[in-house]
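Descriptive structure summary
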Amino acid sequence: MLTKFETKSNRVKGLSFHSKRPWILASLHSGVIQLWDYRMGTLIDRFDEHDGPVRGVHFHKSQPLFVSGGAGIVELSFAFICALLYCQNDWKCIVYVALFLVEILVSDWRILGDDYKIKVWNYKMHRCLFTLLGHLDYIRTVQFHHEYPWIVSASDDQTIRIWNWQSRTCISVLTGHNHYVMCASFHPKEDLVVSASLDQTVRVWDIGALRKKTVSPADDILRLSQMNTDLFGGVDAVVKYVLEGHDRGVNWAAFHPNLPLIVSGADDRQVKLWRMNDTKAWEVDTLRGHMNNVSCVMFHAKQDIIVSNSEDKSIRVWDVTKRTGVQTFRREHDRFWILASHPEMNLLAAGHDSGMIVFKLERERPAFAVSGDSLFYAKDRFLRFFEFSTQRETQVIPIRRPGTTSLNQSPRTLSYSPTENAVLICSDVDGGSYELYVIPKDSIGRGDTVQEAKRGAGVSAIFVARNRFAVLDKSSNQVLVKNLKNEVVKKSGLPIATDAIFYAGTGNLLCRAEDRVVIFDLQQRLVLGDLQTPFVKYVVWSNDMESIALLSKHAIIIASKKLVHQCTLHETIRVKSGAWDDNGVFIYTTLNHIKYCLPNGDSGIIRTLDVPIYITKVSGNTIFCLDRDGKNRTIVIDATEYIFKLSLLRKRYDNVMSMIRNSQLCGQAMIAYLQQKGFPEVALHFVKDERTRFNLALESGNIQIAVASAKEIDEKDHWYRLGVEALRQGNAGIVEYAYQRTKNFERLSFLYLITGNLEKLSKMLKIAEVKNDVMGQFHNALYLGDVQERVKILENAGHLPLAYITAKVHGLEDLAERLAAELGDNVPSVPEDKVPSLLMPPSPVMCGSDWPLLRVMKGIFEGGLDNMGRAGAEEYEEVGEGDWVNELEMVVEDGSQNGDVTAILEDGEGAEENDEGGWDLEDLELPPEADTPRASVIARSSVFVAPTPGMPVSQIWIQRSSLAAEHAAAGNFDTAMRLLNRQLGIRNFIPLRSMFLDLHSGSHSYLRAFSSTPVISLAVERGWNESASPNVRGPPALVFNFSQLEEKLKAGYKATTTGKFTEALRLFLSILHTIPLIVVESRREVDEVKELNVIVKEYVLGLQMELKRREMKDNPVRQQELAAYFTHCNLQMPHLRLALLNAMTVCFKAKNLATAANFARRLLETNPTLENQAKTSRQVLQAAERNMTDASELNYDFRNPFVTCGATYVPIYRGQKDVSCPYCSSRFVPSQEGKLCTVCDLAVVGADASGLLCSPSQIR
């Protein structure tokens, strides 16, 4: 069973697949109906109008409808009246209704109020359209007719009803069963209904008369009335056969889709097969195997099998022809209740106590192999050949039929050797096996050659050379290399626990584990590449074997031939197949799309699919593929979009230009892509919408197109944004124009100030006076440095003290005296000792002209696209030539336009002579045509194209190195941690955090050029000298080196000697944490680093035990054990003597004289240089020899070699199982596997790791 989708819910009693969409309805025992998308795994909708269990549900074949049968609450009296109306004068019917009501009363009103509704729903409108009333008990199943507007329903009221859902009436009642009717369904082609009942019978009903009446209804009104009112049947539907044979109630019966067969399942735990003809029906066989009631049974639509499920928590598959069980699928705790099959696809669904599952019985992907222009694939137990160039298809040889009856025995993979014309076919027969066929050269096209295959056991088998193939032996995790005689010529162990192998070039294998893949060289037995991935299902190599696509269930990983990761794509629905096209683009299929993936990871949809396909080859615009029936298909696609994106990616701008001119590339997605990739100037040529054109023009710096679009849009926000961009480019004319269009006088004044245009600034002062804008007047006077005007403005505004101070400090004595007279006694005091100075704005460097722009060559797109649409170019030029300032119309407070103000004062002289008059605004015009604001000639004729940035040094460091220290120095902490995890099993990176930061900051220097510019980062390289080539980058300089560790080691030794154990432990742990980030040059130094690692590990373990011993003052036995274990650490001789002396003293004081004597002997064997150590040892030995006993028993046997567990501090004697830390190699008891190493505090005990990598020489 291949599970495709699974839900968790209340008990599922009814299921129905949609015929076209990937939907399934599930009706629950709780009264809820759920609509699921089983492809996406999402709940689309839920319908919960039923008040009781919903046992039946069914989709209409073509309309957006489904029908459900369940229970709802109504008044009992209403149900009684409905029943009597149906009965009319039929006394038999009235008696039946009366008995039924008595049964309700007797049962303590257990089901009072159930009206047993059939509801017809519209899933597009998300509501129930109408309800069909008539059944008097629970409704078990409902089903739409495939052709007529009928619904058939089966009920516990012992009847079957046929309804017309268009007229919403019951058109026939089928009576005859004398117990609950558990199911009823229409025949898929004939005018028959089959029903199953707890009266132990299966009935087949002929509804031919009903069909004729529907097609050409009778004129007899009485007969028409009788059809609607006869509760106990009539001539419209008659029993054709009654099938008796089950010993208990029958739960389900179903027709075969094509043959005159019926299958039934019952409470007697049996599945029975029946055959019928025109006159009779009879039992063919009984299928036994279920251990409890059979809930549901059905024929498979496309295979000769029967599928049944049962309350024994199993689904069973039976062979119709052999009538034997094929396979059984079990659940632990859930009984099965219902089965459903997809009307068109090879999908089944089963409902159980806690939800449902959607599944296939076997995989449908055909096994195939592509070699050049040839395709070999397996179909219908034949090996077939397809030639792509001629599209000729031929049958090659028959392949054997599986000897077992279980499912999933068809070929799974196929490998082809073109030189030897040999084919390897792998399947799951016998737990995994292969067959080797050598095809005679003349047999292609004949297909009649019967050949005995060479067979063998193996999970995977592929050709690895011309006449060699590799077979995976999963039990021993090795590969057997065999010749074409099926003889083993070589065996090779694999570097990881492999569950499948794939071709990776001559002599190489791609080995797949659960979470990674590696490329393994069989000859040299070396790992050539390693990549962590999700579980990989399929592998697709590019035509030149330079790139590989790894396909998992929901992801695609693109990598190089050495498994260097390039990009990963994630899909929400399952990925099915893929192939590389001639341009290096990966084309792949999901369940419903053909998509593409560019080398940089960009992807998109090429087209949608009705049914899944499996791509075999991509040639130009043609995709060759196989469908699920094994038929070759060709699909023509439009590759313009991804070829365009690929050309942009590879900077083939001539192709881009050609495609822009000749193709119809358009759409928001393409525009967004071009913006995202930094080509807004290209996107500009696809767009007609003015708002989008404006945004793209601003983004690409094309100020002329932005002006044209802003004029079309004419909104304040767009003019403001245009002004910001023009100011950034230094185009003062367009900034002025934009501010004038938005009447932003404050910004306009400031623009004139910074450009030094004092003439226009004085005009702005006059405009502010006309507008009665006091603050505007004061600001403009301040910008101009006009003190008299400022005094006048302050005086007119009523700020006489401020006016007096301004006049006084600037030496305007006449004005100051007049203002002082007006102020009287309120004259403010002015500081006497201060020297006033006139506040004047500085003169700008450039006055009145645009900023100079860098002269550069036109970009490829600007130059190439200038010829497209000359009319548009002329339109842009007009923008620059208009007299922009004349269009400025300002509304003053009284509502008059500035033109009215101009009319009042026609000449400048009048303005000067008239103190009270207005201002002549005719001067507020742009300069003559030579100075009109337009983009500068330089800007129009040449556009700045930024040079392509080179690759950052940090990225070069990462690409060239597999050393974690160099990745950390480059600032790529993520890959550094991943490398340390892979090499040393390190998972706890907290102790390394500060070292990562030190490495990164120590490998960079920082320069500040100007205070307004960002700091420039410079990479510091290791071993740099002045003669080095500037184009060759060296590795990063590292702040940690081996000599530093040697100094720390000496300090640690000294602290240990003086008894400063806490300080010593800190120093040794620091060394242990620094070693993974050390880089040395030679192999000899690598050995020294590894030796240092072992030394430091021993000291850390010993010191941890000694500190632990000192904490345990109330446990003398444990104190002695820890002191004893300390003496078995690999210490320097002075420290070993001190450890032995310490252990001897502890044991002697605790009266363990025999153990103390052992330590004394070991101490004397070291020839101690200190006399007092030797003397003490001899004294202890003499005292112990008089009474060689131990007062307490220790977990310590010095005669048996052991190592100490780094976590529990207990001995692990030789021969006992243990696990080790992949980094520091400390040993642990097996229960510590998977936990953090307590010695180094970095790695996980028992983790897989490749080993310490600290030198480039190890990689070379």
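Cut-offs used in this document
- Residues numbered from 1 in each chain as written.
- Predicted model: local features only at pLDDT ≥ 70, side-chain atom pairs only at ≥ 80, totals over all residues.
- Heavy atoms only, no water.
- Helix = DSSP H or I, 4+ residues; strand = E, 2+ residues; numbered from the N terminus.
- Buried < 20%, exposed > 50% of the residue type's maximum accessible area, 1.4 Å probe, protein only.
- Pairing = 2+ DSSP bridges.
- Axes fitted to C-alpha atoms, helices over the stretch in contact; angles between N-to-C directions.
- Expected span 1.5 Å × (residues − 1).
- Contact = heavy atoms within 4.5 Å.
- Phe/Tyr/Trp six-rings, centres within 6.5 Å; stacked < 30°, edge-to-face > 60°.
- Core = buried A, V, L, I, M, F, W, Y, C linked by side-chain atoms within 4.5 Å.
- pLDDT = per-residue confidence, 0-100.
- Parallel < 35°, antiparallel > 145°, perpendicular 65-115°, else oblique.
- Left-handed = near helix turned anticlockwise from the far one by under 90°.
- Nonpolar A, V, L, I, M, F, W, Y, C, P; charged D, E, K, R; others polar.

Some words on the environment of asparagine 421
Here asparagine 421 lies in the loop between strand E33 (413–417) and strand E34 (422–427). For asparagine 421, a relative accessible area of 4% puts it in the buried group. In sequence terms asparagine 421 and lysine 441 are 20 residues apart; their C-alpha atoms lie 7.5 Å from each other.

Brief notes about the sheet that holds strand E16 (residues 201–206)
Backbone hydrogen bonds are what pair the strands of a sheet, in a parallel or an antiparallel way. Spatial ordering of the open sheet is given by E14-E15-E16-E17, a layout of 4 strands whose pairing is antiparallel. Edge strands, defined here as strands with exactly one partner in the open sheet, are strand E14 (181–186) and strand E17 (238–244). Each adjacent strand pair in this sheet contributes to an overall mean axis angle of 20 degrees, direction not counted. Sheet analysis places E16 next to E17, joined by 6 bridges and oriented antiparallel. For threonine 201, the partnering residue across the bridge sits in E17 and is glutamate 244.

Regarding helix H32 (residues 1133–1149)
Its 17 residues give H32 an end-to-end C-alpha distance of 24 Å, which sits within 8% of 24 Å, the value for a rise of 1.5 Å per residue. Turning to H32, its buried residues number three or more, namely His1135, Leu1136, Arg1137, Ala1139, Leu1140, Ala1143, Met1144, Val1146 and Cys1147. The inward-facing, buried residues of H32 contact helix H28 (1042–1057), helix H30 (1083–1111), helix H31 (1116–1126), helix H33 (1153–1165) and helix H34 (1171–1186).

Some points on the pairing of strand E12 (residues 159–164)
Taking burial as the measure, the 6 residues of E12 include 6 buried ones, the bulk of the element. Residues of E12 alternate between two faces, with Thr159, Arg161 and Trp163 on one and Ile160, Ile162 and Asn164 on the opposite face, all of them buried. Of the strand pairs in this sheet, strand E11 (residues 150–155) and E12 are connected by 5 bridges, and their pairing is antiparallel. Residue pairing in the sheet places tryptophan 150 in a bridge with asparagine 164 of E12. Hairpin connection, E11 to E12: the antiparallel pair is bridged by 3 residues, and glutamine 158 has positive phi, about 75 degrees. In terms of strand pairing, E12 meets strand E13 (residues 169–175) through 6 bridges, oriented antiparallel. Among the inter-strand pairings, asparagine 164 is bridged to a residue of E13, identified as threonine 169. Hairpin connection from E12 to E13: 4 residues lie between these consecutive antiparallel strands, with arginine 168 at a positive phi of about 60 degrees.

Remarks on the packing of aromatic side chains
With the rule as written, the count across this model stands at 33 aromatic pairs. Between the aromatic rings of phenylalanine 1159 and tyrosine 1196, the centroid separation amounts to 5.9 Å while the plane-to-plane angle is 25 degrees, which identifies the pairing as stacked. Taken together, the positions of phenylalanine 1159 in helix H33 and tyrosine 1196 in the loop between H34 and strand E58 (1202–1204) put the pair 37 residues apart, joining distant regions of the chain. Under the relative-accessibility criterion, phenylalanine 1159 is labelled buried at 0%. On the accessibility criterion, tyrosine 1196 (11% relative accessible area) is buried. One aromatic cluster is present, formed by Trp23, Phe47, Phe59, Phe66, Trp121 and Tyr123 through successive ring pairs.

Observations regarding the sheet that holds strand E41 (residues 500–503)
Strand order in the open sheet made by the 4 strands is E41-E42-E43-E44, with antiparallel pairing throughout. Strands with a single pairing partner mark the edges of an open sheet, and in this sheet they are E41 and strand E44 (526–532). For this sheet, the mean angle separating the axes of adjacent strands, direction not counted, is 25 degrees. Summarising the sheet, strand E43 (residues 516–521) and E44 pair through 6 bridges and their orientation is antiparallel. Among the inter-strand pairings, valine 518 is bridged to a residue of E44, identified as aspartate 530.

Focus on the nonpolar core
A general trend in soluble globular proteins is that nonpolar side chains are found buried together. Judged by nonpolar contacts, the single largest core of 87 residues is most densely connected at Leu980, Phe1068, Tyr1223 and Cys1240. Among the elements that line this core, the one with the most residues is H30, at 9 residues. Those residues in contact with tyrosine 1223, other than ones at most four positions away along the chain, are Leu984, Leu1072, Ile1075, Pro1076, Asn1093, Cys1240, Leu1242 and Ala1243.

As for the environment of alanine 1249
Tracing the backbone shows alanine 1249 in the loop between strand E61 (1227–1228) and helix H35 (1256–1259). Alanine 1249 sits 27 residues away from proline 1222 along the chain, and the two C-alpha atoms are 6.1 Å apart. Discounting chain neighbours no more than four positions away, the residues touching alanine 1249 are Arg982, Gln983, Leu984, Gly985 and Pro1222.

Some remarks on unusual backbone geometry
Located in the positive-phi region is glutamine 391, a residue other than glycine, with phi close to 55 degrees. Within the element layout of this structure, glutamine 391 appears in the loop between strand E31 (382–387) and strand E32 (392–398). Its identity is not glycine, yet serine 1225 carries a phi of approximately 65 degrees, on the positive side.

A word on the confidence of the model for the chain
With 82% of its residues at a pLDDT of 70 or more, the chain has an overall mean of 81. Contacts from residues 72–79, a stretch scored under 50 in pLDDT, to residues over four places away or in other chains number 18 contacts.

Some details on helix H14 (residues 758–770)
An α-helix turns once per 3.6 residues; consequently, residues spaced three or four apart project the same way. The first and last C-alpha atoms of H14 sit 19 Å apart over 13 residues, in line with the 18 Å expected at 1.5 Å per residue. Listed as buried for H14 are Lys760, Leu761, Lys763, Met764, Leu765, Lys766, Ile767 and Ala768. Check the buried side of H14 and you find it contacts helix H12 (732–741), helix H13 (745–755), helix H15 (774–784) and helix H16 (787–796). Positive backbone phi, approximately 60 degrees, marks asparagine 772, located one or two places after H14.

Quick look at the packing of H28 against helix H29 (residues 1061–1074)
Packed helix pairs are specified by the crossing angle of their axes together with the interaxial distance, meaning the distance between the axes. Between H28 and H29, the shortest axis-to-axis distance is 8 Å and the interhelical angle comes to 160 degrees. As summarised for this structure, H28 and H29 are arranged roughly antiparallel, according to the angle between their axes. Relative to H29, the crossing made by H28 is left-handed. Seen from H28, the contacting residues are Leu1045, Lys1048, Leu1049, Ala1051, Gly1052, Tyr1053, Ala1055 and Thr1056; seen from H29, they are Phe1061, Glu1063, Ala1064, Leu1067, Phe1068, Ser1070, Ile1071 and Thr1074. In terms of residue class, the contact of H28 with H29 is made up of 10 nonpolar, 4 polar and 2 charged.

Things to note about the environment of glycine 985
Considering the arrangement of structural elements, one finds glycine 985 in the loop between helix H26 (973–984) and helix H27 (993–1002). The spacing of glycine 985 and aspartate 1248 is 263 residues in sequence and 6.4 Å in space, taken between C-alpha atoms. Setting aside chain neighbours within four positions, we find glycine 985 in contact with Leu980, Pro1222, Ala1243, Val1244, Ala1247 and Ala1249.

Quick word on the packing of helix H17 (residues 800–809) against helix H18 (residues 813–823)
The contact between H17 and H18 brings their axes to 8 Å, and the two run at 150 degrees. As the angle between them shows, H17 and H18 are arranged roughly antiparallel. Seen from above, H17 lies across H18 with left-handed handedness. Between H17 and H18, the residues in contact are Leu800, Pro801, Ala803, Tyr804, Ala807 and Lys808 and Glu813, Leu815, Ala816, Leu819, Ala820, Glu822 and Leu823, respectively. A per-class count over the contact of H17 with H18 returns 10 nonpolar, no polar and 3 charged.

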